[in-house]
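Residue-level structural notes
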Amino acid sequence: MTSQQQTVLNLGCGFHTGADPMIVNVDFSPFIRARTNAFGNLVARRILSGERLRRYESMQGNLMAHDLRRGIPFADESIDFVYHSHVLEHLDRDVAPGFLREIQRVLKPGGLQRIVVPDLELLVRRYLASLEEQAASEPRAHDHHVAEILEQCVRRQPAGTRDLGPWKKRLYAFALGDARKRGETHQWMYDRRNLSDLLTGLGFRNVSVETPASSRFEHWARINLDLDGAGDVRKRDSLYLECVR
């Protein structure tokens, strides 16, 4: 099978889309909905500015605006490789298995799923190391390790709005809702043990821990979605797991 015949899904892609023809970037954010609509695209280019506009303009490739809560809009056993990064932890714990079963449905037999999530084990090990240092570490430095685990579970302010003026904050809150309503907060956390247990319990096989550079997908070097345009790792402090359908 040639690479042109293969299909890769980049689920919950946000701003980070893959331009390779084999990739379908799927999300339901206001930005991808605007990008895939002529009128919305015109409005977005007028109201966005700075870094948000740059990231908006960077979205390239095959874009699909779709609410993944309604399932994945592809036929059974039609997809070769499914990728999602920092998506699973935003789902309620009892919702996550349904999302993974839907991925299982669309994957071809032998197809691969690659999951990237914040690595709870790494964050906790850093927190414990900082705790042991006690007086040797500054209070704010230690509290940062607590925030790495908990901040995105509890915050209400949408990402990227902290430095905006009061009226812009109110506008964003009115249009988009707070962080919880927008699905920005973490609903559960994963490490290599509990995520592997979840996947094997659902019938996925051959779970392996990978790195940003390593994958069992034959075209990973070509499409590497864990690197940014400059070749740097996008989501540091992450856990990379792959499994076979």
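See the structure shown above.
Computed from a predicted model, the values in this text were never measured in an experiment.

Scanning the protein chain for helices and strands turns up nine helices and seven strands. Looking at the protein chain residue by residue over its 245 residues, the buried ones come to 43%. When contacts within the protein chain are restricted to residue pairs at least 6 apart in sequence, those whose partners lie at least 24 apart make up 74%. Put simply, the protein chain shows about 13500 Å² of open surface, and 52% of that area lies on carbon and sulfur atoms.

Once that is clear, we can look at the packing of helix 2 (residues 38-47) against helix 3 (residues 50-58). Orientation of helix 2 relative to helix 3, taken along the N-to-C sense of each, is 150°, at an axis distance of 10 Å. The angle between the axes of helix 2 and helix 3 places the two elements in the roughly antiparallel class. Where helix 2 approaches helix 3, its residues Gly-40, Asn-41, Ala-44 and Arg-45 are matched on the opposing element by Leu-53, Tyr-56 and Glu-57. Residue classes in the contact of helix 2 with helix 3 are distributed as three nonpolar, two polar and two charged.

Let's shift gears to unusual backbone geometry. In the Ramachandran plot, Glu-77 falls in the positive-phi region, its phi being about 50° despite a non-glycine side chain. Secondary-structure assignment places Glu-77 in the loop between strand 3 (62-65) and strand 4 (79-85). Classification of Glu-77 by relative accessible area gives partly exposed; the value is 41%. Phi at Asp-237 is positive, roughly 65°, even though this residue is not glycine. On the secondary structure map, Asp-237 appears in the loop between helix 9 (220-223) and strand 7 (238-244).

This brings us to the pattern of salt bridges. Side-chain pairs of opposite charge can arise whenever the charged atoms involved come near each other. Using the criterion set out here, one finds 16 salt bridges in the structure. Lys-108 is the salt-bridge partner of Asp-80, the closest N and O atoms lying 3.2 Å from each other. Highlighted residues: Asp-80 in strand 4 and Lys-108 in strand 5 (residues 107-118), separated in sequence by 28 residues. Among the ionic contacts, a cluster of salt bridges with common partners joins Arg-114, Glu-210, Arg-216, Asp-226 and Glu-242.

With that out of the way, let us pick up the pairing of strand 5. Across the twelve residues of strand 5, nine count as buried, placing the element largely inside the fold. By the bridge criterion, six bridges tie strand 4 to strand 5 in an arrangement that is parallel. Note that in strand 5 the partner of Ser-85 across the bridge is Val-116. In the classification by handedness, the crossover that spans strand 4, the intervening helix 4 (residues 96-106) and the parallel strand 5 is right-handed. The pairing of strand 5 with strand 7 spans seven bridges and is antiparallel. Across the sheet, the residue bridging to Pro-118 is Ser-238, located in strand 7.

Further remarks concern the pairing of strand 1 (residues 8-11). Burial of the side chains of strand 1 extends over both faces: Val-8 and Asn-10 are buried on one face and Leu-9 and Leu-11 on the other. By the bridge criterion, four bridges tie strand 1 to strand 2 (residues 23-27) in an arrangement that is parallel. Looking at strand 2, one finds that Val-8 is bridged to Ile-23. With four bridges connecting them, strand 1 and strand 4 associate as parallel partners. Following the sheet pairing, Leu-11 is matched in strand 4 by His-84.

Moving on, we get to the environment of Ile-103. Secondary-structure assignment places Ile-103 in helix 4. Overall, the relative accessible area of 0% leaves Ile-103 in the buried class. Remark: the alpha-carbon pair of Ile-103 and Leu-11, spanning 92 residues in sequence, is separated by 9.8 Å.

Calculation rules
Along every chain, residues carry numbers that run from 1 in the direction the sequence is written. Only residues with pLDDT of at least 70 are given local features in this predicted model, and only at 80 or more are side-chain atom pairs given and counted; all residues enter the totals for whole chains, interfaces and linings. Neither water nor hydrogens contribute to the side-chain values; these are computed over all heavy atoms in the structure. Put simply, DSSP marks the helices as runs of H or I at least four residues long and the strands as runs of E at least two long, and each gets a number from the N terminus on. For each residue, the accessible area found with a 1.4 Å probe, counting protein chains only, is set against the maximum for its type, and the residue is called buried under 20%, exposed over 50%, and partly exposed in between. Pairs of residues are marked as contacts when any of their non-hydrogen atoms sit within 4.5 Å. The Shrake-Rupley method, run with a 1.4 Å probe sphere, supplies the accessible areas, and residue values consider only the shown protein chains as cover. Inter-axis angles, ranging from 0 to 180 degrees, are taken between N-to-C directions of lines fitted to C-alpha atoms, where helices are fitted over the stretch in contact. Any angle between 65 and 115 degrees counts as roughly perpendicular, while under 35 counts as roughly parallel, over 145 as roughly antiparallel, and the rest as oblique. Each residue gets one label: Ala, Val, Leu, Ile, Met, Phe, Trp, Tyr, Cys and Pro are nonpolar, Asp, Glu, Lys and Arg are charged, and the others, such as Gly, are polar. Any Lys or Arg side-chain nitrogen found within 4 Å of a carboxyl oxygen on Asp or Glu counts as a salt bridge. For two strands to pair, DSSP has to find at least two bridges joining them. When the strands point away from the viewer and the connection leading from the first strand across the helix to the second strand turns clockwise, the crossover is called right-handed.

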